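# Working through the structure, step by step
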Amino acid sequence: MAKASAEAAAVVRVRIPSPLRSYTGGDDEVTVAIPLLAPENPPSLTAVLAALEGRFRGLRFRIVDEQGRLRPHIRLFVGGTLATDLGAPVPSGSEVMIVAALSGG
Amino acid sequence: MPRARTRPAATPARPVTLYVATRKGLWTLTSDPARRGFKLAGPHFLGHIVHHVVLDPRDGRTLLAAARTGHLGPTVFRSSDRGRRWVEASQPPAFKSGSGRAVDHTFWLTPGHASSPGVWYAGTSPQGLFRSDDGGATWAGVDGFNEHPQRKAWCSGDQDGTPDGAKLHSIIVDPRDPAHIYMGMSSGGVFESSDAGASWRPLNKGIRADFLPEPAPEYGHDPHCLRFAGGNPDRLYQQNHCGIYRLDRPGEVWIEIGTGMPKSVGSVGFPMVAHPREADTLWVFPMDGTDVWPRVAPNGKPAAYRSLDGGRTWRRQDEGFPASQAWWTVKRQAMTVDAREPAGVYFGTTSGEVWGSRDEGRTWRCLARHLPHIYAVEAA
């Protein structure tokens, strides 16, 4: 069985929008490391969100519902590209941006 | 057979605190002992959509707040010191993974029975029933309802199209029996459990459902608000989409009691409150339910209506209100009573005003204005 190590971890920078900064102690950017079982398989957004939840309990449920669906007014960008699926790969060193999409008046 | 009743005593002359939940946060209004002056404080959770805030009557200090924001999912905040510090629930109400359903917001909070400290119930949109056994820190679905094979039929499907989302509300626990619970659903109707939520049955006989093809269905009705009569939990009052009703248990058939309301006002509204001690006394706050359902004060002239005889007759109470051109209304959790003698009656409006009466509705004063759209007012 493959063993994760500090060397085999994807490091991802996550930009946090203001509605979620109560969870990050006010930080607008945090870094998470996700263990990699195989270097050629980058983690998914799902894994990034799990890592965020591990550090900031309660954050994930505010942006992903209990069925694993992104909430209607949340968008996620990976490396500047809108992700349409939580299975989207997040290469090590990339940036995830959580956007609380503009809506309503 | 009707069970024994106990008549609650009036609370002594101490300050009253109103918890005012709004579309943009939570405020409090605290009175002097005579209830002449009220001081506004807040906001807490500025910018959060707060649907309900309730003080635990069992300890007098635990507060729960049901909140979400425009962007973020729903949660519950808890305070154990009457609102000075708040902590988020570690496991807010959420449907089971794989059920396909997601809580949009927690709409209603009810403390459990006096003999069950730490127990709370929550009703959500879409319709779901949840229970906490640890003072609101963690919540689990009440499977007897959420997983009931008839649940989808009772709720007219998973998304029944009610404006602002379908609601499970008015969870009320029999003060004589923690296992005996009623609740209402908009839409769905009134349901009763005698086994702490393990099983449920519809309780809607006699209620009109004019908006459905079948005018007298077993379920599918639209109760707006359900209350126990003061001092008599064998009597229920209901403000429904189709009128005002009373049910005296162990009877099974609701009696329509809104027919005595003036025709120009009608018997449609969201809230109703019962006197804390007098079983025949209740208040409603009518709204315009004609045509396209404007849901504002009928003719722009707001008024409460009080009955002193269990709904046989009604008297208008509007002294102090604007006489015309006032187009607000009152949501279903936004009207409440205190336990003082005489009872205080309070409500919050869709236009952000809080009104109160310390003489059981004879005269009204505006206690606060310029707040956001008010969803709920609770007195403690």
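Residues numbered from 1 in each chain as written. Chains lettered and ligands numbered in written order. Predicted model: local features only at pLDDT ≥ 70, side-chain atom pairs only at ≥ 80, totals over all residues. Heavy atoms only, no water.

## Focus: the interface of chain A and chain B
Taken together, the contact pairs 18 residues of chain A with 23 residues of chain B. When the two sides are added together, the surface that chain A and chain B hide from each other amounts to roughly 1500 Å², 48% of it contributed by carbon and sulfur. When the area that chain A buries against chain B is broken down by residue, the three leading residues are Arg-62, Glu-66 and Gln-67 of chain A, summing to 43%. Across the chain A-chain B interface, the total number found is zero salt bridges. For the pair chain A and chain B, the number of links is 11 residue pairs in polar contact (both at pLDDT 80 or more). Looking at the side of chain A that touches chain B residue by residue, the classes come out as nine nonpolar, three polar and six charged. (Contact = heavy atoms within 4.5 Å. Buried area = accessible area lost by both parts, 1.4 Å probe. Salt bridge = Lys/Arg side-chain N within 4 Å of Asp/Glu carboxyl O. Polar contact = N/O pair within 3.5 Å; in protein donor to acceptor, adjacent residues only side chain to side chain. Nonpolar A, V, L, I, M, F, W, Y, C, P; charged D, E, K, R; others polar.)

## A look at the sheet that holds strand β27 (residues 365-368) of chain B
All names here are of chain B. Pairing in this open sheet of four strands is antiparallel, and the strands run β24-β25-β26-β27 from one edge to the other. Edge positions in the sheet fall to β24 (335-337) and β27, since each has one partner strand and no second. Ignoring which end each strand starts from, the neighbouring axes of this sheet average 25 degrees apart. Where strand β26 (residues 354-357) and β27 come together, three bridges link them in antiparallel fashion. Directly across from Gly-356, in β27, lies its bridge partner Arg-365. (Pairing = 2+ DSSP bridges. Helix = DSSP H or I, 4+ residues; strand = E, 2+ residues; numbered from the N terminus. Axes fitted to C-alpha atoms, helices over the stretch in contact; angles between N-to-C directions.)

## Side note on the sheet that holds strand β8 (residues 105-111) of chain B
Residues and elements named next belong to chain B. Spatial ordering of the open sheet is given by β8-β9-β10-β11, a layout of four strands whose pairing is antiparallel. At either margin of the open sheet sits one strand with a lone partner, and together these are β8 and β11 (140-141). Two elements, strand β9 (residues 120-125) and strand β10 (residues 128-132), share five bridges in a ladder whose sense is antiparallel. Its bridge partner lying in β10, Gly-123 is registered against Leu-129.

## Some words on the side chain of Asp-234 of chain B
All names here are of chain B. Mapped onto the elements, Asp-234 comes out in strand β17 (residues 232-240). Accessibility expressed as a relative area gives 6% for Asp-234, which makes it buried. A polar atom in the side chain of Asp-234 sits 3.2 Å from the side chain of Arg-176. (Buried < 20%, exposed > 50% of the residue type's maximum accessible area, 1.4 Å probe, protein only.)

## A word on the confidence of the model for chain B
In the predicted model, chain B carries a mean pLDDT of 95, and 97% of its residues have values of at least 70. For this predicted complex, the interface confidence score (ipTM) comes to 0.82, while the overall pTM stands at 0.93. (pLDDT = per-residue confidence, 0-100.)

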